Amino acid sequence: MRGNIAQLMQQAQRMQENVKKAQDELAKIEVNGSAGAGMVNVTLTGKLECLKVRIDPSVMADPEMVEDLVAAAFNDAVTKANAESEHRMSAATAGLKLPPGMGF
């Protein structure tokens, strides 16, 4: 029994190290979201920090459309960042399904 607990603790420690490594990698990646056929582009880190926003000057005449396109591009980037995060974290946890509220 004692050996099983020690083995479980080692596995948990390895998983924790893998998760930390995945989190560090996510902080360094960049994802791009776009809207309006590329008229607005948003670049985020894997930790959802906005790095840049590019807006085609041709859409500036319609502020309401710009607002909608920026929101859509941001949401697109967030979706991509979340998908990448989920992919990397599932690899780090070796596919272990964590209970609700215990995600990273």
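Residues numbered from 1 in each chain as written. Predicted model: local features only at pLDDT ≥ 70, side-chain atom pairs only at ≥ 80, totals over all residues. Heavy atoms only, no water.

Draft legend 1. Representation of the overall build of the chain within the structure. If you tally the helices and strands in the chain, you get two helices and three strands. Mapped in sequence order, the helices and strands of the chain form the string α-β-β-β-α. Burial statistics for the chain: of 104 residues in total, 23% are counted as buried. Sequence separation of 24 or more characterises 50% of the internal contacts of the chain that already satisfy a separation of 6 or more. By element, 55% of the accessible surface of the chain is carried by carbon and sulfur atoms, the whole surface being about 7,300 Å². (Helix = DSSP H or I, 4+ residues; strand = E, 2+ residues; numbered from the N terminus. Buried < 20%, exposed > 50% of the residue type's maximum accessible area, 1.4 Å probe, protein only. Contact = heavy atoms within 4.5 Å. Areas by Shrake-Rupley, 256 points an atom, 1.4 Å probe, with all protein chains shown as cover.)

Draft legend 2. Representation of the side chain of Thr 45. Tracing the chain through its elements places Thr 45 in strand β2 (residues 40-45). Judged by its relative accessible area of 5%, Thr 45 is buried. If we skip the residues at most four places from it in the chain, Thr 45 touches Leu 26, Ala 27, Ile 29, Val 31, Leu 51 and Ala 81.

Draft legend 3. Geometry of the pattern of salt bridges. Within the structure shown, the criterion is met by four salt bridges. Between Lys 20 and Asp 24 there is a salt bridge, with the nearest N and O atoms lying 2.9 Å from each other. Within this pair, Lys 20 and its partner Asp 24 are both found in helix α1 (residues 2-28), separated by four residues, close to a single helical turn. Its relative accessible area of 46% is what places Lys 20 among the partly exposed residues. One salt bridge in this structure joins Lys 80 and Asp 76, with 3.4 Å as the shortest N-O distance. Of this pair, Lys 80 and Asp 76 are both found in helix α2 (residues 63-92), four residues apart, which corresponds to roughly one turn of the helix. By relative accessible area, Lys 80 is classed as partly exposed at 39%. (Salt bridge = Lys/Arg side-chain N within 4 Å of Asp/Glu carboxyl O.)

Draft legend 4. Representation of α2. Between its first and last C-alpha, α2 extends 43 Å over 30 residues, near the 44 Å set by a 1.5 Å rise per residue. Taken together, the buried positions of α2 are occupied by Val 66, Leu 69, Ala 73, Ala 77, Val 78, Ala 81, Ser 85, Met 89 and Ala 92. (Expected span 1.5 Å × (residues − 1).)

Draft legend 5. Focus on the sheet that holds strand β1 (residues 30-35). Taken together, the three strands give an open sheet; going across it, the order is β1-β2-β3, and neighbouring strands pair in antiparallel fashion. Both outer strands of the open sheet, β1 and β3 (50-55), are each paired with one neighbouring strand and no more. This sheet shows a mean twist of 15° between the axes of neighbouring strands, independent of strand direction. Bridge count between β2 and β3: five bridges; the pairing is antiparallel. Considered in β3, the bridge of Thr 43 is made with Lys 52. (Pairing = 2+ DSSP bridges. Axes fitted to C-alpha atoms, helices over the stretch in contact; angles between N-to-C directions.)

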